[in-house]
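Each chain is listed here by its residues.
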Amino acid sequence: MSSPPRTTLDDPSRAPAPGRLSTLDRFLPVWIGAAMAAGLLLGRLVPGLGGALSAVEVDGVSLPIALGLLVMMYPVLAKVRYDRLDAVTGDKRLLFSSLFLNWVIGPALMFALAWTLLPDLSAYRTGLIVVGLARCIAMVIIWNDLACGDREAAAVLVALNSVFQVIAFAALGWFYLSVLPGWLGLEQAGIDASPWDIARSVLLFLGVPLLAGFLSRRLGERSRGREWYEGTFLPRVGPWALYGLLFTIVVLFALQGDAITSKPLDVARIALPLLAYFAVMWGGGFALGAAIGLGYERTTTLAFTAAGNNFELAIAVAIATFGAVSGQALAGVVGPLIEVPVLVGLVYVSLALRRWFRPPTVSGPTPEPPPRSTSA
C-alpha cells in the first residue's frame, strides 16, 4: 500500500524555501481557496444544506465542525513532545508576552477598530468585539506547525488561553460591550455566555484532541518505541491534519454561504477591521518575540497565537445571544472567511523571515531539537 502524501505537518525539519516544499504545501493556498469556494457555492446552490448542517448538532455544538476540528488537531497534538513542556513553562518572557497580547491588547484593539471603522453598524460592530474576545485554541495549532513554530510552546499557550477564556471571557464581554461604552458615552450591548458554555467549547475543541495526542504518544512509545512512533506512525496520521482543515473550511462556509454571498458590501465592511486586526496582532507579536530574543520558533508561535481567534466560540455566543440570522452572527462567520487566507499568507511571510533569526535564547535549558525525519 502506498504511503500517504507528506506535508510540512509531517516533518519539523521542512525547509522554508518554496521550491523545496511538497506539492501539497506548495499549493496550500490553492487547496484552502478551493475549499472556501466550494463551501460558499454549496451553501448558495444547494437548497437547505445550511439548515441541514446546522441541525446536526448536540447542545448547540455543530457536529460536522467539531468532527473536522478534531481530525485537524489530533495529528499535530500527537507530534508534541509532552516530556519537554517544562522547557516552555519556564520561559516567563513567552508566557507573559502571550497573556499580554491575547488578553490586554487583542480585545482592546478589536474594540477600537470596530468603533472606528463601523460606527454606523452596531450589530456588526458587536459581533467583531465578540470575535476579539475569543482567543484561538484550534486552528492556530495548524498555522503554527505550517510555519515551523514551536509545537510544545503552541500546546502550552493554547492551554493557557483556554484557562483564561473560561475565567475571563464573560467578564471582558461585559466590560467591552457595556461598561467601557458607557464610560465613553457610546451605545451599550451585552452577551449571553456562561462559564460552562465556554468550558464546554474548550473541553471539546482542545481537551479531546489534546488527551488523544498525549495518549497516542505515551502508549505508542511505550509499546513500539520512539523511533517507530515518530518515523512510522506520525507520517501516516500527519496528512489528516490538512484533510480535517479543508473539511472544516468547507462545512463552515457552507453553513453561511448564502448569507455571505448575498451581502457582499456588508462582508467588505466587516472585513476591513478584521484585516487590520490580524495584521497588527501578528506583526506586533512577531516584533515583540524578536525583540525579546525568543528565537524564530517561539516568536512564530507567539505571533500566531496572538493573531488567531476562536471563531467557533464567537459564532456560538453570537447565535445564542442575538440569533442565527443576526448581524452579530454574520460578523462572526466573516471572521474565518478573512482569517483563513490571511493567516495562510502570514505562514509564508513567517517562513521568509526565518533566515534573519539567530539561535534562540531561552530561560532555563535549551530544549533538544526534534529529530529530523529521513523517510520518504
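First, a word on what this report is: a plain description of the structure on this page. Because the structure is a prediction, the values reported are computed rather than measured. (Residues numbered from 1 in each chain as written. Predicted model: local features only at pLDDT ≥ 70, side-chain atom pairs only at ≥ 80, totals over all residues. Heavy atoms only, no water.)

## Section: the overall build of the protein chain
Each helix and strand in the protein chain was counted, giving 17 helices and 2 strands. Residue burial in the protein chain is summarised as follows: out of 376 residues, 52% are buried. Looking at the protein chain alone, contacts between residues at least 24 apart form 83% of all its contacts between residues at least 6 apart. Total accessible area computed for the protein chain in this model is approximately 15500 Å², and 69% of it derives from carbon and sulfur atoms. (Helix = DSSP H or I, 4+ residues; strand = E, 2+ residues; numbered from the N terminus. Buried < 20%, exposed > 50% of the residue type's maximum accessible area, 1.4 Å probe, protein only. Contact = heavy atoms within 4.5 Å. Areas by Shrake-Rupley, 256 points an atom, 1.4 Å probe, with all protein chains shown as cover.)

## Points about helix α4 (residues 63-79)
Along its 17 residues, α4 runs 25 Å from first to last C-alpha, staying within 8% of the 24 Å computed at 1.5 Å per residue. At methionine 73, α4 shows its maximal kink, close to 30°; a proline, proline 75, follows between one and four residues later. Burial within α4 is extensive, with 12 of its 17 residues counted as buried. Turning to α4, its buried residues number three or more, namely Pro64, Ile65, Ala66, Gly68, Leu69, Met72, Met73, Pro75, Val76, Leu77, Ala78 and Lys79. (Expected span 1.5 Å × (residues − 1). Bend = angle between axes of the 7 residues up to and from the residue.)

## Quick word on helix α16 (residues 311-322)
Its 12 residues give α16 an end-to-end C-alpha distance of 16 Å, which sits within 8% of 16 Å, the value for a rise of 1.5 Å per residue. For α16, the secondary structure elements touched by its buried residues are α4, α7 (122-133), α9 (151-183), α10 (195-224), α12 (240-255) and α17 (327-353). Looking one or two residues beyond α16, the residue adopting positive phi is glycine 323, at roughly 105°.

## Overview of the nonpolar core
Most often, soluble globular proteins have nonpolar side chains that are buried together. Residues Ile32, Trp143, Leu245, Ile249 and Phe304 are the most contacted members of the largest nonpolar core, which totals 105 residues. If sequence neighbours within four positions are ignored, isoleucine 32 has contacts with Trp143, Leu245, Leu246, Ile249, Val340 and Val344. (Core = buried A, V, L, I, M, F, W, Y, C linked by side-chain atoms within 4.5 Å.)

## Topic: the packing of α16 against α17
Where α16 contacts α17, the two axes come as close as 8 Å, and the packing angle between them is 170°. Here α16 is positioned roughly antiparallel relative to α17, judged by the angle of their axes. Taken together, the residues of α17 that come into contact with α16 (itself represented by Phe311, Ile315, Ala318, Ile319 and Phe322) are Gln328, Ala329, Gly332, Val333 and Pro336. Here the contact of α16 with α17 is composed, by residue class, of 8 nonpolar, 2 polar and no charged. (Axes fitted to C-alpha atoms, helices over the stretch in contact; angles between N-to-C directions. Parallel < 35°, antiparallel > 145°, perpendicular 65-115°, else oblique. Nonpolar A, V, L, I, M, F, W, Y, C, P; charged D, E, K, R; others polar.)

## Description of the environment of leucine 206
Locating leucine 206 in the fold gives a position in helix α10. Given a relative accessible area of 5%, leucine 206 falls into the buried group. Between the C-alpha atom of leucine 206 and that of alanine 155, which follows or precedes it by 51 residues, the distance is 9.5 Å. The residues contacting leucine 206, other than those within four sequence positions of it, are Met73, Ile137, Val158, Ala159, Ser162 and Ser201.

## Re the packing of helix α6 (residues 92-117) against α7
Interhelical geometry of α6 versus α7 gives an angle of 165° and a closest axis separation of 8 Å. Considering the angle they form, α6 stands roughly antiparallel to α7. Handedness of the crossing formed by α6 with α7: right-handed. Contact residues: Trp103, Gly106, Pro107, Met110, Phe111, Ala114 and Trp115 in α6; Arg125, Leu128, Ile129, Val131, Gly132 and Leu133 in α7. Looking at the contact of α6 with α7 residue by residue, the class counts come to 10 nonpolar, 2 polar and 1 charged. (Left-handed = near helix turned anticlockwise from the far one by under 90°.)

## Here we look at the pattern of salt bridges
Evaluated as defined, the whole model comprises 11 salt bridges. A salt bridge links arginine 93 to aspartate 91, with the nearest nitrogen and oxygen atoms 3.6 Å apart. Between glutamate 230 and arginine 217 there is a salt bridge, with the nearest N and O atoms lying 3.1 Å from each other. Taken together, the residues glutamate 230 in helix α11 (residues 226-237) and arginine 217 in helix α10 connect sequence positions 13 residues apart. (Salt bridge = Lys/Arg side-chain N within 4 Å of Asp/Glu carboxyl O.)

## Things to note about a nonpolar patch on the surface
A grouping of Leu41, Leu42, Leu45 and Val46 is seen on the molecular surface, where their side chains present a nonpolar patch of about 360 Å² in accessible area. As for its position among the elements, leucine 41 is in helix α2 (residues 28-45). (Patch = residues over 30% accessible without salt bridge, like charges linked within 9 Å, V, L, I, M, F, W, Y side chains within 5 Å.)

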